[in-house]
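# A closer look at the structure
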Amino acid sequence: QVQLVESGGGLVQAGGSLRLSCAASGRTFNKGWFRQAPGKEREFVAAITWNSYSTDYADSVKGRFTISRDNAKNTVYLQMNSLKPEDTAVYYCAANGRVGPRSLPYDYDYWGQGTQVTVAS
């Protein structure tokens, strides 16, 4: 069993930055970040393999967001720079034991409760 706890969300002005953290218990799985805005489906943001060898990003965040991990702390991070109002959403951390970085929600077995990110224009 894996438990995931996100933190670091909040309110920020457009152009600002936030760093989300996802503290995990249990095994060191591949991790991903997803987000869901009101009235929209959950969408992929970024993913990283358990050994940090591979990462993947949604086109909408490439060049602005960076996913990383510290396995000694069993924590995954999402550094978000140049934030836009359209980045406003609840951000979820997820974990899976499959091969390679995954971008589909159904590939993930464990989910956190989410953290709200609001970007003001």
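Structural notes, computed from the coordinates. (Residues numbered from 1 in each chain as written. Predicted model: local features only at pLDDT ≥ 70, side-chain atom pairs only at ≥ 80, totals over all residues. Heavy atoms only, no water.)

### Notes on the overall build of the protein
This is how the line gets drawn: Think of it this way: any DSSP run of H or I at least four residues long counts as a helix, any run of E at least two long counts as a strand, and we number them from the N terminus. Burial here depends on accessible area, computed with a 1.4 Å probe over protein chains only, as a share of the maximum for the residue type. Under 20% is buried, over 50% is exposed, and the range in between is partly exposed.
Of regular secondary structure, the protein possesses zero helices and eleven strands. Taken from N to C terminus, the helices and strands of the protein fall in the order β-β-β-β-β-β-β-β-β-β-β. If one aligns the C-alpha atoms of the protein with their principal axes, the spans along those axes are about 40 × 30 × 25 Å. Split into buried and exposed, the 121 residues of the protein put 43% on the buried side.

### Concerning the environment of V99
Looking at the element boundaries, V99 is found in the loop between strand 9 (89–96) and strand 10 (110–111). A C-alpha to C-alpha distance of 30 Å links V99 and T88, two positions eleven residues apart in sequence.

### Here we look at the packing of aromatic side chains
Put simply, the rule is: Stacked, tilted and edge-to-face are the three classes assigned to paired rings of Phe, Tyr and Trp, where Trp is represented by its six-membered ring and a pair needs centres within 6.5 Å; plane angles under 30 degrees give stacked, over 60 edge-to-face, the rest tilted. Two conditions define a charge located above a ring, namely a distance within 6 Å from the ring centre to NZ of Lys or CZ of Arg, and an angle within 35 degrees of the ring normal.
Enumeration according to the criterion identifies five aromatic pairs in this entry. Ring geometry for F34 versus F44: centroids 5.7 Å apart, planes at 70°, classification edge-to-face. In this pair, F34 sits in strand 4 (residues 30–36) while F44 sits in strand 5 (residues 43–48), placing the two residues ten residues apart along the sequence. Exposure class is identical for F34 and F44. Each is buried. A relative accessible area of 0% places F34 in the buried class. One aromatic cluster is present, formed by F34, F44, Y108 and W111 through successive ring pairs. Its guanidinium or amino end placed over the ring of W111, R42 lies 4.8 Å from that ring's centre, counting from NZ or CZ.

### A look at the sheet that holds strand 3 (residues 18–24)
Through backbone hydrogen bonds, the strands of a sheet pair up, either in parallel or in antiparallel fashion. Cut-off, in case you're wondering: Strands are labelled as partners when DSSP assigns at least two bridges between them. Geometry is summarised by axes, namely lines fitted to C-alpha atoms with helices restricted to the contacting stretch, and by angles between N-to-C directions that run from 0 to 180 degrees.
Taking strand neighbours across the sheet as the criterion, the four strands line up as 1-3-8-7 in an open arrangement whose pairing is antiparallel. The open sheet has two free edges, formed respectively by strand 1 (4–7) and strand 7 (65–70), since each of these has just one partner strand. Strand-to-strand, the axes of this sheet are offset by a mean angle of 15°, without reference to chain direction.

### Observations concerning the side chain of N74
Just so we agree on the cut-off: Side-chain atoms alone can form a polar contact between residues adjacent in sequence; in general such a contact is a pair of N or O atoms within 3.5 Å, and within protein one must be able to donate a hydrogen while the other accepts it. Should any heavy atoms of two residues lie within 4.5 Å, those residues are counted as being in contact.
With respect to the helices and strands, the residue N74 is situated in the loop between strand 7 and strand 8 (75–80). Its relative accessible area of 13% is what places N74 among the buried residues. In terms of polar contacts, N74 uses its side chain to reach the backbone carbonyl oxygen of G26, at 3.3 Å. Excluding residues that lie within four positions of it along the chain, N74 makes contacts with C22, A23, A24, S25, G26, R27, T28 and K31.

### Structural notes on the side chain of T115
The residue T115 is located in strand 11 (residues 115–120) in this model. T115 sits in the buried class, given a relative accessible area of 11%. Polar contacts involving the side chain of T115 include one to the main-chain amide nitrogen of G9, which spans 3.2 Å. Residues within four places of T115 in sequence aside, it is in contact with E6, S7, G8, G9, L20, A89, V90 and Y91.

### Some points on the nonpolar core
One recurring pattern in soluble globular proteins: nonpolar side chains tend to sit buried together. Stated formally: Buried residues of nine kinds, namely Ala, Val, Leu, Ile, Met, Phe, Trp, Tyr and Cys, make up a nonpolar core once their side-chain atoms join them within 4.5 Å.
In this structure, W33, V45, F65, I67, L78, M80 and Y91 are the most contacted members of the largest nonpolar core, which totals 33 residues. Secondary structure elements with two or more residues in this core: strand 3, strand 4, strand 5, strand 7, strand 8, strand 9 and strand 11.

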